[in-house]
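Structural overview
The lines below spell out each chain.
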Amino acid sequence: MCGVIGYVGAGASPSFFLNALRRLEYRGYDSAGIAMLTADGVAIQRAEGKLSQLERKLDQLPAKAKVGIGHTRWATHGKPTENNAHPHRSGPIVLLHNGIIENYRQLKERLVARGYQFLSETDTEVAAHLLHDEYKKLTSGTPEARMRSALRSVVGQLKGAFAFGILCLDTPEVLYSAKLGSPLVVGQAEGETFMASGITALVEHTRQFMVVEDHEIVVLKPESVEIETFDGQPVTRPFQRVEWSVAMMEKGGYRHFMLKEIHEHPIAIAQTLNGRVQRDSGTINLTDLGVAKLPLKTLSRLQIIACGTSYYAACLSKYFIEATARIPVEVDLASEYRYRASTVDSKTLVVAVSQSGETADTLQAIKAARANGAQTLAVVNVPGSTIAHMCHAESLTKAGPEIGVASTKAFAAQLTALYLLGLALAQERQSLNDAQLRFYVDELVKIPSLVERSLGLSDSIERLANRYHHLSSLLFIGRGPQWPIALEGSLKLKELSYIHAEAYAAGELKHGPIALIDENMHVVCLAPRDAYYEKTLSNIEEIKARGGRILAVGQENDSQLLQLADDFIGIPECSETVLPFVTAVPLHLLAYWIAVRKGTDVDQPRNLAKSVTVE
Ligand code: M6R
């Protein structure tokens, strides 16, 4: 989805803007633009396609500017052409936008009647003309006071979602923004202030960040950040230090961010456990986990809501949480949850799981749960994200920045945080005795090293990919906790390689999908030695009997499975608690290597965005 950046300070070059936009590329985009304001006026360059197209035009921008804005556009209204790329200009106003203006048609009619000419097909251009129109109407006050007042009037007329970056030629050292529904952070360094859709764009320049909340207008100057509400009330909020580094956002010698991030599963899990499990006492530290203020003892049930990969992490955690905390757990797709008549009360804990913390479906679902009186917990990876702000409590997954559009290490970290939540509930509700709790704490601590061993499968899976990249369809099956892993494996394969893939609970095969099995159907069978092992083996036999081809994932010393399989991925021996963490790795690697073999864009697959901020 779109990315915005802005700068005010002693002077930034065109490459500053380009590099900051590069850090937002992972969000997904199809055109881009930069505006730089100098004493000679404003220079705007825009380009269709990737940032390399915009880079070719950088020499047409001034060498330095005290104020500037940049944008990556993920087309919603109008094709991804140069003309539709942001920023858009109206008189002295230059504006760019992340979000959607839902009432743009009505506003456009009004503005056309007032003599404005539209040069693009975007909804955003309406905001530029509207702001210009309101600004023009004000005849007294300084240009800055008029801009603030005009902006207040504009935000009152807009319906939809927005985070704007706005320059005004009459106020050459000021940058304006307003936020509703789309993410926005501001950063501060010595004599410079910044705004962006995410902290990744700015970590190179500052670690001091502040999250802008909905219904707020921001005015940035080199030495100050002023925030006021849409109705003009001043807001004071401290900056927070974020411990993300530039190195965390580089490829670190790997060919793709995705491969690096798959290799970061162990560290993502270890960091998420760190400080939250107390090995000496065999207990969970509720404060570090971020759940101390929740009424864990008196809850009657959990509802976990999420999308995509985060949803599969939630589905998987249900098995563990119900088994350990003995509390009912419902798992819902966030996009469905808000439209069903879910009954929640103050004894329901609604847990929103989201890597980005910005997913619009999850955001709306958690709003609805909160409005209906539920307790809410955010399990997010991006510090200070909107979902985290919206919930009563926040439990950060510590995967570090995830740049590849396909979620990998964040999945492992989410699973870890949700397992910890299960144990925190078990501890408080005494559904496990001390020895049982200690057993699980010890199990969790073993996960990073077992997952590390699973990463050793990368080379053999790369070779295996040579036999799978030409397929047009694959089926994935698993039982119990391996079913969400099958779902995750099939999602990864589809989104990266564009190969059709479906996942089923293995027990469901006979209820329909078995009709698909013939000698052309390849089935990825998750069959580690767990409580479901024998039953899954029977399913494999059924597939073989119908000529289906088996790629089995099971323990490395499982000779029985090895014999049944056409291809075999052998994972290290481990306990049932740890298994899903270990089986997720080869499926992430399989999708990765098949995509590499097919030559698709692994880090930015077609049509996808990292932060899905539209419903
Ligand atoms: O940021 P979130 O975790 O809320 O994102 C949810 C999904 O959009 C995300 O997991 C998506 O399915 C990924 N592309 C999966 O790899």
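One numbering rule holds for all chains: residues counted from 1, following each sequence as written. Totals for whole chains, interfaces and linings use all residues, but because this is a predicted model, local features are given only for residues with pLDDT of at least 70 and pairs of side-chain atoms are given and counted only at 80 or more. With hydrogens and water set aside, each side-chain value is computed from the structure's full complement of heavy atoms.

Re the pattern of salt bridges
Oppositely charged side chains can pair when the atoms bearing their charge come close. Going by this rule: Criterion for a salt bridge: a side-chain nitrogen of Lys or Arg within 4 Å of a carboxyl oxygen of Asp or Glu. The numbering of helices and of strands both runs from the N terminus, where a helix is a DSSP run of H or I of at least 4 residues and a strand a run of E of at least 2. When a residue's accessible area, from a 1.4 Å probe over protein chains only, is under 20% of the maximum for its type it is buried; when over 50% it is exposed; and in between it is partly exposed.
Counted under the stated rule, the structure contains 29 salt bridges. Across the pair R237 and E213 runs a salt bridge, and its minimum N-O distance is 3.9 Å. Highlighted residues: R237 in the loop between β14 (234-235) and β15 (240-241) and E213 in the loop between β11 (208-211) and β12 (216-221), separated in sequence by 24 residues. In this structure, the salt-bridge partner of E264 is K260, at a minimum N-O distance of 3.3 Å. Across the pair, K260 and E264 agree in class, each one buried.

A short note on the side chain of D530
As a reminder of what qualifies: Residues scored as charged are limited to Lys and Arg (positive) and Asp and Glu (negative), so that His and the chain ends carry no count. In what follows, a contact means two residues having at least one pair of non-hydrogen atoms within 4.5 Å.
You can see D530 is positioned in the loop between β25 (522-526) and α17 (533-545). Although buried, D530 forms no salt bridge, and the nearest oppositely charged side chain, R479, lies 8.2 Å from it. Apart from the residues within four sequence positions on either side, D530 is in contact with Q482, E576 and L579.

Regarding the environment of N557
Here is the rule we go by: We call two N or O atoms a polar contact when they sit within 3.5 Å, provided that within protein one can donate a hydrogen and the other can accept it, with sequence-adjacent residues counted only if both atoms are side-chain atoms.
Note on placement: N557 falls in the loop between β26 (549-555) and α18 (559-564). Separated by 15 residues in sequence, N557 and P572 have C-alpha atoms that sit 8.5 Å apart. Excluding its chain neighbours within four sequence positions, the residues that come into contact with N557 are R529 and E573. At 3.2 Å, the side chain of N557 and the side chain of E573 are in polar contact.

Thoughts on the sheet that holds strand β4 (residues 65-73)
Cut-off, in case you're wondering: Whether two strands pair depends on DSSP finding at least two bridges between them.
Taken in spatial order, the eight strands make up an open sheet running β3-β2-β4-β1-β10-β9-β11-β15, and their pairing is antiparallel. Edge strands, defined here as strands with exactly one partner in the open sheet, are β3 (41-48) and β15. Here strand β1 (residues 3-12) pairs with β4 via seven bridges, running antiparallel. Within the sheet, the bridge partner assigned to A12 lies in β4 and is A65.

Comments concerning the site of the ligand
Under the convention used in this document: Here a residue is considered near a molecule or strand provided that any single heavy atom belonging to it is located within 4 Å of it. Areas reported as accessible are Shrake-Rupley estimates using a 1.4 Å probe. Residue values count occlusion only from the protein chains shown. Each domain span listed reflects an automatic or database assignment of domains.
Looking at the ligand, there are 15 residues lining it, with S310, S354, Q355, T359 and E495 nearest. Between an oxygen atom of the ligand and a side-chain N or O atom of S356, the distance comes to 2.7 Å. Between the ligand and T359 there is a distance of 2.4 Å, counted from an oxygen atom to a side-chain nitrogen or oxygen. The protein chains hide 90% of the 410 Å² of surface that the ligand would expose on its own. A domain-level breakdown of the shell around the ligand finds at least three residues from each of domain 2 (254-455) and domain 3 (458-598).

Quick look at the nonpolar core
Stated precisely, the cut-off is as follows: Put simply, buried Ala, Val, Leu, Ile, Met, Phe, Trp, Tyr and Cys residues joined by side-chain atoms within 4.5 Å make one nonpolar core.
Judged by nonpolar contacts, the single largest core of 96 residues is most densely connected at L302 and V351. The leading source of residues in this core is helix α19 (residues 579-598), at 14 residues. Both domains that meet at this core, namely domain 2 (254-455) and domain 3 (458-598), each give it at least three residues. Setting aside its immediate chain neighbours within four residues, L302 contacts I321, I327, P328, V329, E330, L349, V351, L421 and L425. Grouped together as the second largest cluster of nonpolar side chains are 36 residues, I5, L18, A32 and V242 included.

Focus: the packing of helix α14 (residues 434-455) against α19
To keep it simple, the criterion reads: Orientation is described by lines fitted to C-alpha atoms, with helices fitted over the stretch in contact, and by angles between N-to-C directions that extend from 0 to 180 degrees. Geometric relationships in this document are graded by angle, where less than 35 degrees denotes roughly parallel, more than 145 denotes roughly antiparallel, 65 to 115 denotes roughly perpendicular, and other angles denote oblique. Helix crossings are classified by the rotation of the near helix relative to the far one: an anticlockwise turn of less than a right angle makes the crossing left-handed, while a clockwise turn makes it right-handed. Three categories are distinguished: nonpolar for Ala, Val, Leu, Ile, Met, Phe, Trp, Tyr, Cys and Pro, charged for Asp, Glu, Lys and Arg, and polar for the others, with Gly belonging to the last.
Look at α14 against α19: their axes get within 9 Å of each other, and the N-to-C directions meet at 30°. In terms of their interaxial angle, α14 and α19 are classed as roughly parallel. Seen along the crossing, α14 lies across α19 with a hand that is right-handed. From α14, I447, L450, V451, S454 and L455 reach across to α19, where they touch F581, V582, V585, P586 and L589. Class assignment of the residues belonging to the contact of α14 with α19 gives a composition of nine nonpolar, one polar and no charged.

Some details on the sheet that holds β26
Pairing is parallel in the open sheet, where five strands are placed in the order β24-β23-β25-β26-β27. Each of the sheet's edge strands pairs with one partner strand only, and the pair in question is β24 (500-505) and β27 (567-571). With direction set aside, neighbouring strand axes in the sheet form an average angle of 15°. Bridge count for β26 against β27 is five bridges, and the pairing is parallel. Note on β27: the bridge partner recorded for A552 is F568.

Here's the deal with the packing of aromatic side chains
Pairs of aromatic rings are described using the distance from one ring centre to the other and the angle between the two planes. Definition in use: What counts as a ring pair is set by centres within 6.5 Å for rings of Phe, Tyr and Trp (its six-membered ring), and what kind of pair is set by the plane angle: stacked under 30 degrees, edge-to-face over 60, tilted for all other angles.
According to the stated counting rule, one finds 13 aromatic pairs in the structure shown. Summarising the aromatic geometry, the rings of Y419 and F581 are spaced 5.2 Å apart at their centres and angled 80° between planes, so their arrangement reads as edge-to-face. Taken together, the residues Y419 in helix α13 (residues 409-429) and F581 in helix α19 connect sequence positions 162 residues apart. By the burial criterion, Y419 is buried, and F581 matches it. Chaining the aromatic ring pairs together yields one cluster made of F320, Y419, F439, Y440 and F581.

What about the domain arrangement of the protein chain?
Using the following cut-off: Note: buried area is the sum, over both parts, of the accessible area (probe 1.4 Å) each one loses when the two are combined.
If you check the domain split of the protein chain, you get domain 1 (3-242), domain 2 (254-455) and domain 3 (458-598). The largest share of the area that domain 2 buries against domain 3 comes from Y312, Y319 and S454, three residues that together contribute 21% of it. The interface formed by domain 2 and domain 3 includes one salt bridge. The interface formed by domain 2 and domain 3 contains 10 residue pairs in polar contact (both at pLDDT 80 or more). Only α6 (257-263), α7 (265-273), α9 (308-325), α13 and α14 provide two or more residues apiece to the side of domain 2 that touches domain 3. Tallying contributions element by element places α14 first for the side of domain 2 that touches domain 3, with 10 residues. Residue composition of the side of domain 2 that touches domain 3, grouped by class: 21 nonpolar, nine polar and three charged.

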